[in-house]
Amino acid sequence: MKTHLKKAAFAILFILVGGISLQAQNPRLVVRSDDMGAFHSVNVACIEAYKNGIETTIEVMPVTPWFPEAVKMLRENPGVDVGIHLAITSEWENFKWRPLTQCPSLTDANGYFYPMMHPNKAYPNQSITENDWKLNEIEQEFRAQIELVLKNIPQASHLTGHMGAIRFDQDVLAMVHRLAEEYNLTFVEGDDLKAKYSVQSVWYDGPSKTSQEKEASFINMLSKLEKGKSYIFLDHPAINNAEIETIGHIGYEWVAEDRQGVTDFMTSERVKQAVADNNITLINYNELTKALPRSTPKAEKVAEKGIKSYLAAVEKSGQDLHSLMILRNGNVVYENWFGENAANKTHIMNSVSKTFTATALGFAVSEGRLKVTDKVINFFPDQLPQEVSPFLRELTIEHLLTMSAGQNPTISNQIRKGDNDDWVAAFLATPFVYQPGTVFEYNSMASYMVSAIVQQVTGEKLTDYLYPRLFRPLGIAGINWTESPQGVNHGGWGLYVKTEDMAKMGQFILQRGEWKGKQLLPASWFDDMTSAKISTLPREAKKEDLKDKIKESDWLQGYGYQMWQCRHNAFRADGAKGQLIVILPEKNAVIVATANIDDMQAEINLIWKHLLPSFK
């Protein structure tokens, strides 16, 4: 069965509200689970509720004893939106945890966190607010917790507080605001932030003591959510076993049964069906707080007629389009996903990965770690062949970036099939056919070498290196990037991100490294990335002999740093089978597509014919 747009489904595409899919008008709900890391049974339940239930966000506590296992589980599930659950209390009897730093104003005589935030008759003088807590000690402890999580779980996107640890004092709240800004994290703990994101908290609508009551009351709550509004629901899943049966405190002794009930309803088929029946869009904190702004074609002067004619042409041509997102003036004016594709699903990028790799190198250059003129052999002295050829000695990072390494790419790309080989050593041992910098030959292993160089100089894989510099500031989370046997991200391929992540990257490039008023990467880097550094004409061909072909081809316009020049004064990141980030500086626009299309020139031709004229 073909997966391109079916006529029945295609008709739905035109049911728009100001150019935006009706899905954007659905009630949006964050389903949050707290306290991962506290116990093994909590870890298991949180992952189960994510993989087989409705949970979208997990809060992890770095001070807890099962945090290392939580790290492993969350790294294995990169799609989870992870929050850093800042904690300065340890409420359970029989089980306690201590701070990561020296903070005596927050601990009892045994060095454990106090059990309560506020006075409790059952625990006299055992609350934070009853004791002489120090703001500087809370800040140093919060910093340590944040940095421990980010070191181990770089996909973390936001901050929350355990038992009100953030909101109990205005000075603490202001301090956490500052930390969130510093670490490119967000949170919606304060009323002002909830107002900023137009979100409100919801709870069970009815009794919630048993599993059955939780399920029924949650479903009842779902039926009352309103279109166009965003909501947050949070609870604490766990597995009722011998471990959790030992947990409790005075006034809350039924922990095991209660928290098993949370796991049960979050994974309930009836609940999942109710989510679908009520047209509720499940989102996470990252999507709530760092989504691109939405507008309409009319407001941004984009002709909706052109979008409709493009979709009609895609349908007529039989192109297997998976998603489409159009931005103008930094705003999403159209978005849709086709077939089984969805906004919350990542998609293979193929060679769009290369543009992310070049951006990582740009950060390394901006930090003074290397220069594009550096010789490649200098980074791998222990992996060189016995005889280093003159051309290998000449090879620079810039040659890798511009696909002018000089090797036969057919031979070079065979390295990928050698799972037991050292890919860097194999690349360096590959014979050179041309002098580096003289001939364009598309070579994905050259991009792999850029990834290996970044890892060599930073000590981090591309994914980990890019999270604080690019991914977290832009709100790109839940990515996955395949690796070589040596544990190096493939660089030239293997990246999986969502459609909106592609759009954010396109807008970042259009804005030449600026994001929300901050220059994350020098604008000059994007001048190099997006300009024609080398001719992409066929070998030995002359431009005057190919005049007509050049007018018709988007592969003969030149190549920059892991980006293609396009016709119409545009440039693009592209990947095999139709993955595109097309950037139109003169139109202040970005067009993003995922697909399974062999003839990518035909795909781009429809964009030029129908979408380009839509930008007034």
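Residues numbered from 1 in each chain as written. Predicted model: local features only at pLDDT ≥ 70, side-chain atom pairs only at ≥ 80, totals over all residues. Heavy atoms only, no water.

1. Some remarks on unusual backbone geometry
- Located in the positive-phi region is N94, a residue other than glycine, with phi close to 75°.
- One non-glycine residue, K301, adopts positive backbone phi at about 60°.
- Of note, K301 is situated in the loop between helix 11 (285-290) and helix 12 (304-317).
- Owing to a relative accessible area of 56%, K301 belongs among the exposed residues under this scheme. (Helix = DSSP H or I, 4+ residues; strand = E, 2+ residues; numbered from the N terminus. Buried < 20%, exposed > 50% of the residue type's maximum accessible area, 1.4 Å probe, protein only.)

2. Comments concerning helix 23 (residues 600-611)
- The end-to-end C-alpha distance of helix 23, which contains 12 residues, comes to 16 Å, matching closely the 16 Å that a straight helix rising 1.5 Å per residue would cover.
- Taken across its 12 residues, helix 23 has nine buried, putting it largely inside the fold.
- Inspection of helix 23 places M600, Q601, E603, I604, L606, I607, W608, H610 and L611 among the buried residues, and these make up the whole buried set.
- On its buried face, helix 23 sits against helix 12, strand 10 (321-328), helix 22 (547-552), strand 18 (571-575), strand 19 (579-584) and strand 20 (589-595).
- Among the residues of helix 23, the N-terminal cap falls to D599, whose side-chain oxygen and the backbone nitrogen of Q601 are separated by 3.3 Å. (Expected span 1.5 Å × (residues − 1). Contact = heavy atoms within 4.5 Å. Polar contact = N/O pair within 3.5 Å; in protein donor to acceptor, adjacent residues only side chain to side chain.)

3. Thoughts on the nonpolar core
- Counting 73 residues, the largest nonpolar core has L361, F380, L400, L401, M449, L470 and I581 as the members making the most contacts within it.
- With eight residues, helix 18 (residues 444-458) is the single largest residue contributor to this core.
- Membership of the second largest hydrophobic core comes to 65 residues, among which are V42, I47, A87 and A180. (Core = buried A, V, L, I, M, F, W, Y, C linked by side-chain atoms within 4.5 Å.)

4. Observations concerning the packing of helix 12 against helix 23
- Across the interface, helix 12 lies against helix 23 with an axial gap of 8 Å and an inter-helix angle of 150°. Considered as vectors, helix 12 and helix 23 are oriented roughly antiparallel to each other. Crossing angle aside, the handedness with which helix 12 passes helix 23 is right-handed. Across from G306, I307, S309, Y310, A313, V314 and S317 in helix 12, the residues of helix 23 making contact are L606, I607, H610 and L611.
- For the contact of helix 12 with helix 23, a count of residues per class yields seven nonpolar, four polar and no charged. (Axes fitted to C-alpha atoms, helices over the stretch in contact; angles between N-to-C directions. Parallel < 35°, antiparallel > 145°, perpendicular 65-115°, else oblique. Left-handed = near helix turned anticlockwise from the far one by under 90°. Nonpolar A, V, L, I, M, F, W, Y, C, P; charged D, E, K, R; others polar.)

5. A word on the packing of aromatic side chains
- This model, assessed by the stated rule, comprises 26 aromatic pairs.
- Seen in terms of ring centroids, F440 and W564 are 5.6 Å apart; in terms of plane orientation they differ by 70°. Their pairing is edge-to-face. One end of the pair, F440, is in the loop between helix 17 (423-429) and helix 18; the other, W564, is in strand 17 (residues 564-565), with 124 residues separating them in the sequence.
- Take F440: its relative accessible area is 15%, and that puts it in the buried class.
- Residue W564 is classed as buried on the basis of its relative accessible area, which comes to 7%.
- Grouping aromatic residues by their ring pairs yields a cluster made of W203, Y204, F218, F233 and F265.
- The positively charged end of R98 is found above the aromatic ring belonging to Y112, 4.3 Å away from the centroid.
- In this arrangement the basic side chain of R572 is found over the ring face of W555, its NZ or CZ atom lying 4.3 Å from the centre. (Phe/Tyr/Trp six-rings, centres within 6.5 Å; stacked < 30°, edge-to-face > 60°. Lys NZ or Arg CZ within 6 Å of the ring centre and 35° of its normal.)

Just distances and angles here, no functional claims.
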